[in-house]
Amino acid sequence: MWDDSFPSFLIGLREGLEAGLVVSVLVATLVRAGAGSRLAQVWTGVLAAIALSMSFGAVLTFTAASLSTTAQEAFGGALSIVAVAFVTAMVFWMRRSARSLAGEIREKVTEALTMGAGVLILTSFLAVGREGLETALFLWTTARAADESAGPLTGAGAGLVLAAALCWGLYRRVLRIDLTRFFTVTGAVLVVIAAGVLGYGLRDLQEGGVLPGGTAFAFDLTGSVDAGSWYSTLLQGVLNLTPAMTWLQVSGYVGYLAVVMPLFVRGARAVPGARGTATPPPQANPRSDRPADPQVNPSSDRPADLPVNPSADRPAGSQAKPSSDRPGSRAATRRRLLLPVTVVAVPALLAGFVVALADSKPAAGQTVAVSGTDCGQGFTAPQPGRQDFRMHNTGNQTSEVYLIDPSSNAVYGEIEGLAPGTTRDLVATVAGGTYAWRCVPTDGRAVTSKAVRVAGAAGAHAVVPVTQRDLTTPLKAYRAYVDRGLSTLVTRTRRLSDDIRAGHLETARTDWLTAHRTYASLGAAYGTFEDFDQKINGRPDGLPGGVRDQNFTGFHRIEYGLWHGQSAAQLKGAAQQLADDAAGLRKAFPHQNFDPSDLPLRAHEILENTLQFELTGDTDQGSGTGLATADANLAGTRELLTVLRPLLTTRAPRLLPTVDADIARLQQLLDSAHHGSRWTPVDRLDPAAKARIDGATGQLLEDLSPVPDLLEIRKAA
């Protein structure tokens, strides 16, 4: 796809053109100097650089594949940051060096000609190797961001082919290119692309647990932007801009552009405005077999200070070479081939060695059968450490499979939805203890394999599974809490309606906030309220008429009217409808289906929505009470954790003390913005205070993030 190919195409074109220009100048300089016999040394260095670059790409790929998911995110994020640094340095260097590149290379070649073959090989290797390593790193990064390799590889290949064609045209003097302008324009585009790679890398580091704030989103447009649309795909593929980005991503993206782009543009303007068409590399004169060059002796085909006939400069008395060393002999041929083969093979061998060391997965992981009849067949006691099990569904039903401790049902690893006849890898860390497989066909009973014992010290991490029955008591307690809250809500919305009907709008503003905070404290039940939630707490976003749309109802409709000067007559109908909807919800709730699995999810999602909407002012319709709503959301989260505490204490005893401290910190910050009956509006917060509230909310979300996984309902029990 073009969106995934373009960044790699651009980097392939730029880096290929840089390397190609270097090679062109190297070749042309040798031909001009009458040292064409040493071209093989240049190509040896080029091949060594290519081998090193490809080996580097292989090391990155296989090293990442051998890591855990979290470690992969951290590894990829770190390399993305390194790639951005390389690309930034490259665009600045090439903008500055485009005009003097040929002269610098010719000077190095001239020096190398006076020394041995190794120096010329090293010159070409270093000149091309840097571009190759940068290309390999950036290509690996963009392929990982695209989550596929076909598009980036195709783009890079096309860029390299075009670069080779351009270099050939320059060398043959059939093409002239303004290289300074070319590298300036493409450099500016690459700066924008690099900003996206930086944002993507920061997100990877957050997901890998290296950086905090993974749930502190600056914006989340996933609900209103089609991620599969052409424009969304284009922005994600080319610029790495996604519908949802954290504050750290946005800060990194904007900060990078704000610093790097002005420096790049200012530097580009400072480049002397000489004639822009770059001079192509020197080429041998087709009539005289040498280039026209004022430094070349016109009576010969070589520079005056460089010998052409090797034998003419041999010291007196030196012996002629034995026949085995003559150019046409087999020994000489073997020696000529030995160096190119060595410099190409050594990087590949080193890469293979590194990959072998980095890949901690066993060479041949166990293949374990999954079905209702032969669950665990092929499973033998593994060695302690990280293991890769190949799970093959031999049955005729889709199954879930778990690696468990049969004595406690604790889960070490799982695969969901393993289709018949398919094979998937399950990677788990094994330590001392007892292990077994539990296979759960879609329409069958759970089957547990024979247990095996692994010698050694305990230490593998496992999660004790939660059943629907385990969540029955917490669900019952929380339903009672919501039921009480709805009774209070009905009373308070009626009072609000009465205020407005009587024309007491100032009192109505106070009672509106009290009623709205009551509703906001019932966060875990939002998914259960069905259509009532939109009627009671819906926003005008997406409505054709906005705040004047007839379908804009509930708390925010009344908020808009109360704080925008609407009369009691204009608000009376909306207030009565809100009271009726609250009463309808109160009556319907006992019969609504409250999924037990919603409880663990809402422990994280309530405050995630708070950070996204209330703390950004997105839901505010004029009252400036976003922090009051956030305070009510925090109270709802605290109540939810109270009913889940017995389950969490046994599964993650260190989690709750950390979360409790986070809640206390956030509560203190919110209280500091509460003055009597008034709350500081979000947009009037001191920047430092706003940052502290956002940071405390983000940290609390970070610490709450394991709750859904810890309390996920599994069939392993």
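Computed from a prediction, not measured in an experiment: that's the story for all the values here.

Some points on the overall build of the chain
Check the secondary structure of the chain and you find 20 helices and 12 strands. Evaluated residue by residue, the chain yields a buried proportion of 49% over its 717 residues.

A short note on the packing of aromatic side chains
Here the structure, examined in full by the defined rule, presents 12 aromatic pairs. Consider the rings of Tyr478 and Phe594, whose centres lie 6.3 Å apart with planes at 85°: the pair is edge-to-face. Of this pair, Tyr478 sits in helix α11 (residues 472-501) while Phe594 sits in the loop between α15 (568-588) and α16 (598-612), placing them 116 residues apart in sequence. Pair check on accessibility: Tyr478 and Phe594 agree, each one buried. With 6.1 Å between their ring centres and 75° between their planes, Phe529 and Phe589 make a pair best called edge-to-face. With Phe529 in the loop between α12 (505-520) and α13 (532-537) and Phe589 in the loop between α15 and α16, the pair connects residues that are 60 residues apart, well separated along the chain. Judged by its relative accessible area of 2%, Phe589 is buried. These aromatic residues form a ring-pair network of at least three members: Trp512, Tyr519, Phe529, Phe555, Trp563 and Phe589. Against the face of Phe589 rests Arg479, its NZ or CZ located 4.7 Å from the ring centre. Above the face of the Trp563 ring, Arg509 is positioned so that its terminal group lies 5.9 Å from the ring centre.

Quick word on the state of the cysteines
Throughout the structure, instances matching the rule amount to 1 disulfide. Shown here is the disulfide that connects Cys375 with Cys439, its sulfur atoms set 2.0 Å apart. With the S-S dihedral at roughly 80°, the linkage between Cys375 and Cys439 falls on the right-handed side. Taken together, the positions of Cys375 in the loop between β3 (367-370) and β4 (385-393) and Cys439 in strand β8 (residues 433-441) put the pair 64 residues apart, joining distant regions of the chain. For the pair formed by Cys375 and Cys439, the shared burial category is buried.

Focus: the pattern of salt bridges
With the rule as written, the count across this model stands at 12 salt bridges. Close ionic contact of Asp598 with Arg602 constitutes a salt bridge, the shortest N to O distance being 3.8 Å. One end of the pair, Asp598, and the other, Arg602, are both in helix α16, 4 residues apart, so they sit about a helical turn from each other. The pair formed by Asp598 and Arg602 is uniform in burial state, with each residue classed as buried. Taking the shortest distance from any N to any O, the salt bridge between Arg645 and Asp660 comes out at 3.1 Å. Placement of the pair is Arg645 in helix α17 (residues 626-651) and Asp660 in helix α18 (residues 655-671), with a sequence separation of 15 residues.

Things to note about unusual backbone geometry
Of note, the phi angle at Asn409 is positive, near 65°, even though the residue is not glycine. Tracing the backbone shows Asn409 in the loop between β5 (399-405) and β6 (410-418).

Regarding the environment of Gln612
Relative to the elements of secondary structure, Gln612 occurs in helix α16. Residues Gln612 and Ala218 lie 394 residues apart in sequence; the distance between their C-alpha atoms is 7.2 Å.

Points about the packing of α16 against helix α19 (residues 687-704)
Angle between the axes and distance between the axes are the two parameters that describe a pair of packed helices. Remark: α16 packs on α19, axes separated minimally by 9 Å, with the N-to-C direction vectors making an angle of 155°. Taken together, the axes of α16 and α19 are roughly antiparallel relative to one another. Crossing of α16 over α19 shows left-handed handedness. Contacts between α16 and α19 pair Ala603, His604, Leu607, Glu608 and Leu611 from the former with Asp694, Thr697, Leu700, Leu701 and Leu704 from the latter.

Here's the deal with the nonpolar core
One finds Ile558, Leu627, Leu644 and Leu648 to be the most contacted residues of the largest nonpolar core, which totals 71 residues. Take this core: its biggest share by element is 10 residues, from α17.

Looking at a nonpolar patch on the surface
The grouping of Leu47, Ile50 and Met54 at the surface amounts to a nonpolar patch, some 310 Å² of accessible area in total. Considering the arrangement of structural elements, one finds Leu47 in helix α2 (residues 39-65).

With respect to the side chain of Ser371
With respect to the helices, strands and loops of the structure, Ser371 is situated in the loop between β3 and β4. Given a relative accessible area of 3%, Ser371 falls into the buried group. A distance of 3.2 Å separates the side chain of Ser371 from the backbone nitrogen of Thr373, its partner in a polar contact. Contact partners of Ser371, with chain neighbours within four places excluded, come to Thr394, Gly395 and Cys439.

Digging into the sheet that holds β3
If you walk across this open sheet you meet the 3 strands as β3-β4-β7, and the pairing is mixed. Both outer strands of the open sheet, β3 and β7 (423-430), are each paired with one neighbouring strand and no more. Each adjacent strand pair in this sheet contributes to an overall mean axis angle of 35°, direction not counted.

Here we look at the environment of Ala630
Structurally, Ala630 is set in helix α17. Taking relative accessible area as the criterion, Ala630 reaches 4% and is therefore assigned buried. Sequence spacing of Ala630 and Leu611 is 19 residues, and the spatial spacing of their C-alpha atoms is 8.3 Å. Setting aside chain neighbours within four positions, we find Ala630 in contact with Thr610, Glu614, Leu615 and Leu670.

Structural notes on the pairing of β5
Counting buried positions over the 7 residues of β5 gives 7, a clear majority of the element. Here β5 shows no split at all, with Ser399, Val401, Leu403 and Asp405 on one side and Glu400, Tyr402 and Ile404 on the other all buried. Strand direction decides the pairing type here: β5 and β6, joined by 6 bridges, are antiparallel. Note on β6: the bridge partner recorded for Asp405 is Ala410. Where β5 folds back onto β6 in an antiparallel hairpin, the turn is made up of 4 residues, including Asn409, whose phi is positive at roughly 65°.

Here's the deal with the confidence of the model for the chain
Looking at the chain as a whole, the pLDDT averages 78, with 73% of positions reaching at least 70. Predicted confidence for residues 272-328 stays below pLDDT 50, and this span has 74 contacts to residues more than four positions away or in other chains. Taken as a whole, residues 358-364 scores under 50 in pLDDT and shows 11 contacts with residues more than four places along the chain or in a different chain.

What counts and what doesn't
- Residues numbered from 1 in each chain as written.
- Predicted model: local features only at pLDDT ≥ 70, side-chain atom pairs only at ≥ 80, totals over all residues.
- Heavy atoms only, no water.
- Helix = DSSP H or I, 4+ residues; strand = E, 2+ residues; numbered from the N terminus.
- Buried < 20%, exposed > 50% of the residue type's maximum accessible area, 1.4 Å probe, protein only.
- Phe/Tyr/Trp six-rings, centres within 6.5 Å; stacked < 30°, edge-to-face > 60°.
- Lys NZ or Arg CZ within 6 Å of the ring centre and 35° of its normal.
- Disulfide = S-S within 2.5 Å.
- Salt bridge = Lys/Arg side-chain N within 4 Å of Asp/Glu carboxyl O.
- Axes fitted to C-alpha atoms, helices over the stretch in contact; angles between N-to-C directions.
- Parallel < 35°, antiparallel > 145°, perpendicular 65-115°, else oblique.
- Left-handed = near helix turned anticlockwise from the far one by under 90°.
- Contact = heavy atoms within 4.5 Å.
- Core = buried A, V, L, I, M, F, W, Y, C linked by side-chain atoms within 4.5 Å.
- Patch = residues over 30% accessible without salt bridge, like charges linked within 9 Å, V, L, I, M, F, W, Y side chains within 5 Å.
- Areas by Shrake-Rupley, 256 points an atom, 1.4 Å probe, with all protein chains shown as cover.
- Polar contact = N/O pair within 3.5 Å; in protein donor to acceptor, adjacent residues only side chain to side chain.
- Pairing = 2+ DSSP bridges.
- pLDDT = per-residue confidence, 0-100.

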